[in-house]
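Spelled out from the first residue to the last, the chains are:
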Amino acid sequence: MSSPEISAILEHSKDLDRLRKEQEDVLVEINKLHKKLQATPEVVEKPGDGSLSRLKILYTHAKDLSENEVTISNTLVNQLDALLPSGPPGQQRRRIEGSDQKRKRMKSDSDISRISPSVRSQLEACASLKGEQVAARVKLDEADKDEWLIVKVLHFDKDTREFEVLDEEPGDDDEGGGQRKYKLPMSRIIPFPKRNDPTNATYFPPGSQVLAVYPGTTALYKATVVNGHRKRKTDDYLLEFDDDEENGSLPQRTVPFQKVVALPDEPRQ
C-alpha cells in the first residue's frame, strides 16, 4: 500500500467534505427563500423581483454539487477497492455466496447513504409519489415529438432513478386499446400540487408561461396565465392555451391550480 495512493484518497475525502459543507450552505439559502415565498407569495408579482430566478440558480447549484459528490464518491470506492486484499479464492467465493441476498437487500440503502442530504431527500420524495398522478413527458407510438400526459406512478427505483408509470387512458383500437406503461427518468416527471393544500403550491402570476392540463383531456399543453387563482379568490387559474385559437382569438379557459405546473425547459409545443 503506497503513500501516494493513501494521499490521493485523503485529498478526495477533503473534496467530499468541502462539497457537503457547500451543499449545506446552499440548502440553508433554499430554505430561507422557501420561507420567504410561503410568507409573502405576492412578492413574485412585484416588478424586478428575482426570487424565482434566485431559487432556480440555487437548485441548479445544488444539483451540480450533488453530481460532483457522486463522482468523487465513486472515485473513492474504486480507490479503496484497489487497495483492499481480495483474500483466498475459495474463501471469497463462500463469502459472496453466503451473503449475496443480504448484499442485494442492502445495496439501495448503502448507495443512498453515500449521496448528499439534498439528493437523498429528492429520492425519498420521488418514492413517496407511488400511486399518485403526475405529469410525464412520453414518446407516443409514431409521434413526431414528445407528449405531456397525466400518468399514475407505479414504482420508483432509487438505484436506476427511474419511474415506472401507467397511462390509464385506453389507447386507440389500432394500438390494442389497452393501458400503456413507461419507464422514465426523473427529468421527465413533474409532480402536481396537492389538491387539498393550495397555499403551498407554487403561485404563477399573470403573464407566466406554464404547463397545464387542457380541460376535458389528460394531456398538458403550454399556456399563459391570464389571472391567478389567488386574485380570483378561487382554486382555479384562468389560462390561454397556445394554438387554441377560436374565431381569431384565444379563449380563456379555467383550470384547477393542481393541474398547473411550471413550464419545463423543453415544453410540449
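Residues numbered from 1 in each chain as written. Predicted model: local features only at pLDDT ≥ 70, side-chain atom pairs only at ≥ 80, totals over all residues. Heavy atoms only, no water.

All right, on to the packing of aromatic side chains then. This model, assessed by the stated rule, comprises five aromatic pairs. Considering the side-chain rings of Phe156 and Phe163, the 4.7 Å spacing of their centres and the 45 degrees angle between planes classify their relative orientation as tilted. Under the relative-accessibility criterion, Phe163 is labelled buried at 2%. Between Tyr203 and Tyr237, the ring centres sit 6.4 Å apart and the planes meet at 25 degrees, which makes this aromatic pair stacked. In this pair, Tyr203 sits in the loop between β5 (189–191) and β6 (209–213) while Tyr237 sits in strand β8 (residues 236–241), placing the two residues 34 residues apart along the sequence. Comparing Tyr203 with Tyr237 shows no difference in burial state: the two are buried. One Lys or Arg, Lys259, reaches over the ring of Phe192 and ends 4.8 Å from the middle of that ring. (Phe/Tyr/Trp six-rings, centres within 6.5 Å; stacked < 30°, edge-to-face > 60°. Buried < 20%, exposed > 50% of the residue type's maximum accessible area, 1.4 Å probe, protein only. Helix = DSSP H or I, 4+ residues; strand = E, 2+ residues; numbered from the N terminus. Lys NZ or Arg CZ within 6 Å of the ring centre and 35° of its normal.)

For the rest of this paragraph, the subject is the packing of helix α1 (residues 3–39) against helix α2 (residues 51–83). Running from amino to carboxyl end, α1 crosses α2 at an angle of 160 degrees, the nearest separation of the two axes being 9 Å. The angle between the axes of α1 and α2 places the two elements in the roughly antiparallel class. Judged by the sense of rotation from one axis to the other, the crossing of α1 with α2 is left-handed. Among the residues forming the contact of α1 with α2, the class breakdown is 19 nonpolar, 11 polar and eight charged. (Axes fitted to C-alpha atoms, helices over the stretch in contact; angles between N-to-C directions. Parallel < 35°, antiparallel > 145°, perpendicular 65-115°, else oblique. Left-handed = near helix turned anticlockwise from the far one by under 90°. Nonpolar A, V, L, I, M, F, W, Y, C, P; charged D, E, K, R; others polar.)

With 19 residues, the main nonpolar core has Phe163, Val165, Leu184 and Ile189 as its most contacted residues. Secondary-structure elements contributing two or more residues to this core are α4 (117–127), β1 (133–138), β2 (147–157), β3 (162–167) and β4 (180–185). Look past the residues within four positions of Ile189 in its chain and what remains in contact with it is Val134, Ala135, Ala136, Phe163, Val165 and Leu184. With 16 residues, the next largest nonpolar core counts Leu16, Leu19, Leu33 and Leu55 among its residues. (Core = buried A, V, L, I, M, F, W, Y, C linked by side-chain atoms within 4.5 Å. Contact = heavy atoms within 4.5 Å.)

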